[in-house]
Structure formats: structure tokens, C-alpha cells
Amino acid sequence: MAASVRPLVAGNWKMNGLAAAMGEFNGIKAGADKLADKAELMVCPPATLLAQFNWAAKGSKLTLGGQDCHAKVSGAHTGDIAAEMLKDAGASAVIVGHSERRTDHRETDAEVKGKAAAAHRAGLTAIVCVGEQKSQREAGETLAVVGGQLDGSLPDTATAATLVVAYEPVWAIGTGLTPTPADVAEVHAFIRKKLDERYGAEGNGMRILYGGSVKPSNAKELLGLPHVNGALVGGASLKATDFLAIAEVYAGA
Ligand code: PGA
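Definitions and limits used
- Residues numbered from 1 in each chain as written.
- Predicted model: local features only at pLDDT ≥ 70, side-chain atom pairs only at ≥ 80, totals over all residues.
- Heavy atoms only, no water.
- 1 Å grid on protein atoms, 1.4 Å probe; cavity = no way out; pocket = protein on both sides within 12 Å on 5 of 7 lines; lining within 4 Å.
- Points joined across faces, edges and corners; volume = space filled by probe spheres on them.
- Helix = DSSP H or I, 4+ residues; strand = E, 2+ residues; numbered from the N terminus.
- Nonpolar A, V, L, I, M, F, W, Y, C, P; charged D, E, K, R; others polar.
- Near = heavy atom within 4 Å.
- Polar contact = N/O pair within 3.5 Å; in protein donor to acceptor, adjacent residues only side chain to side chain.
- Areas by Shrake-Rupley, 256 points an atom, 1.4 Å probe, with all protein chains shown as cover.
- Pairing = 2+ DSSP bridges.
- Axes fitted to C-alpha atoms, helices over the stretch in contact; angles between N-to-C directions.
- Contact = heavy atoms within 4.5 Å.
- Salt bridge = Lys/Arg side-chain N within 4 Å of Asp/Glu carboxyl O.
- Buried < 20%, exposed > 50% of the residue type's maximum accessible area, 1.4 Å probe, protein only.

A. Layout of the layout of surface pockets. Roughly 540 Å³ of internal volume is contained in the largest pocket. Along the walls of the largest pocket sit 21 residues, with Lys14, Met15, Gln67, Asp68 and Arg101 positioned nearest its centre. Going through the elements one at a time, helix H2 (47-56) and helix H4 (99-104) are the ones with two or more residues in the lining of the largest pocket. When residues in the lining of the largest pocket are grouped by element, the largest group, 3 residues, is from H4. Among the residues forming the lining of the largest pocket, the class breakdown is 8 nonpolar, 7 polar and 6 charged.

Encoded structure:
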């Protein structure tokens, strides 16, 4: 992997956070600035807080992301949010294809690819999530499943700067369970190979995050593995002290 790749620790707040969360946000912001030369820290709040957080983050190195976007620029799509709107509200990235959206909204690989392409159209980095179900891991299908999701969900427009892949085993999300370090390393090496094959030098510089029950107590082990270039953190990103304790794995890097 290119030596210049800067790790990314992104917090996915999911459907959590009211205006009263500004205190936690400010705590994360202060920590992000201290760690900025070692790693990029990002918060992906609910869309309702993006503009407010963007205002609060002015002058800081903390970056912001959305949690989903529609594939189109605008139109009659009640309740949906365009990538351009996220950009306008201050996001520099957007998560697409999170397993909760693939499950709750039955999003297909083709739809996720359209959303990632929309992110690029809007000038956002697409954080594309992939990961197997428990039954698929038990059946020995993990690499086939992840490979299929990568083939189907990644747009041709991706560059090292505009594509991040997040490997999130579905059974590890919000459960406190994690794969063994060897299993994480195997999947990340596989993803790196796929990115290299498809995108050449650009693929070699793309960041691959691990996500699923990352917490301060397991961050060092998981984030120290080869081809793990950061984390996508759910529950533990809601508390500034926990989120920063995870990102501080990079403090001595
Ligand atoms: P978790 O969620 O850290 O709460 O397991 C991760 C995610 O869904 O991105």
C-alpha cells in the first residue's frame, strides 16, 4: 500500500443524535485536531445535524460524512437526500451500502453502485460497506460474498481519494462480537488484491476500514493488522472519550 495513505477513523452515528449532542461533537473535534497529522477523524451524524456540525467544525480538521444518499441529483423522492445536498451541508464523504440499509431498505449491489457514483458526481468520497452474514461465514462463503459485493457495488469512477471500502461482517455489527485477527487480515488482504486488480495504482492507495464492534479495548489489535487502514465505528463513536481512545491507536504512529 502507498506509504502516503492516511488512516481514517469514521464514526457512524446511525439514527442517534439530537442538537444536545454538540458537547460530544466538540470533544471529538478537539481530539481530531490533535491527531490530524496521524489520522483523519470523521463523524457521520444524522443528516439533521450535518449543517450545524459543519458550522461548529469550521477551522477544525474533523471531517463530516452522510450515512446514505439517493442516486439522483434532485426530484420527486420524498424523504431522500441527494449527494449534492450532503455536500452542500458540509459533508466530504458519504457511507453507502451499509448492511442496515441493505437489510432495512433491501438495497442491492447495483443500487449501492449508483449511490457511490452519485457521491463521486457530487465531489464526495464514497465509503462503500461490504460484509458477510453469519451463515455465510459458517458456510465458508465469506470471500465469495465480499468479492461479489465489491464487483457489484464499486463504481468505475473510483480513485484512491474518492473510494473507501469498509469491511463490516454483519454479525459483528452492534453485537460485541468480532472476527479473529487472522480472519480480518484474510478479508482485508483479499479486498486489497481486488482493488489492485481493478484500479491498479489507484486501488493500491484506497483505504480499507474494518467495522463491527470496534471499541477501545480491541482497537489496537484490529487496526494494527495489515491492510486495515482505519475503522468504521458505530456505538463507540457516540461518546467522544471512546471514539478518541480508538483513534489514539494512531497517536504513536
Ligand atoms: P458498531 O457498528 O461499531 O456499533 O458495531 C459499526 C457500523 O455499523 O458501522
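B. Examining the site of the ligand more closely. In the vicinity of the ligand, 13 residues are found, and the nearest of them are Lys14, His98, Glu168, Gly174 and Ser213. Here an oxygen atom of the ligand and a backbone polar atom of glycine 174 are 2.7 Å apart. The backbone of serine 213 places a nitrogen or oxygen atom 2.7 Å from an oxygen atom of the ligand. Here the ligand loses 94% of its free accessible area of 280 Å² to cover by the protein chains. Partitioning the shell around the ligand into residue classes produces 4 nonpolar, 7 polar and 2 charged.

C. Summary view of the sheet that holds strand S1 (residues 8-12). Spatially, S1-S2-S3-S4-S5-S6-S7-S8 is the arrangement adopted by the 8 strands of the closed barrel, whose pairing is parallel. Mean inter-strand twist for the sheet, computed between neighbouring axes without regard to direction, equals 25 degrees. Looking at chain direction, strand S3 (residues 63-66) and strand S4 (residues 93-96) are connected through 2 bridges and run parallel. Bridge assignment links glycine 66 to a residue of S4, and that residue is valine 94. In the packing of helix H8 (residues 181-199) onto the sheet, the strands contacted are strand S5 (125-130), strand S6 (163-167) and strand S7 (207-211), and the crossing angle to S7 comes to about 150 degrees. Along the sheet face, helix H11 (residues 240-247) touches S1, strand S2 (40-44) and strand S8 (230-233) and points at about 155 degrees away from the line of S1.

D. How the structure looks around the pattern of salt bridges. Evaluated as defined, the whole model comprises 14 salt bridges. Its salt-bridge partner being glutamate 40, residue arginine 207 comes within 3.1 Å of it at the nearest N-O pair. Taken together, the positions of arginine 207 in strand S7 and glutamate 40 in strand S2 put the pair 167 residues apart, joining distant regions of the chain. As far as burial versus exposure is concerned, arginine 207 and glutamate 40 are alike and both buried.

E. Representation of the environment of alanine 231 within the structure. Position of alanine 231 relative to the elements: it lies in strand S8. Here alanine 231 falls in the buried class, since its relative accessible area comes to 0%. Separated by 210 residues in the primary sequence, alanine 231 and alanine 21 place their C-alpha atoms 22 Å from one another. Once residues within four sequence positions are removed from consideration, alanine 231 is found in contact with Leu8, Val9, Ala10, Leu209, Tyr210, Val214 and Leu223.

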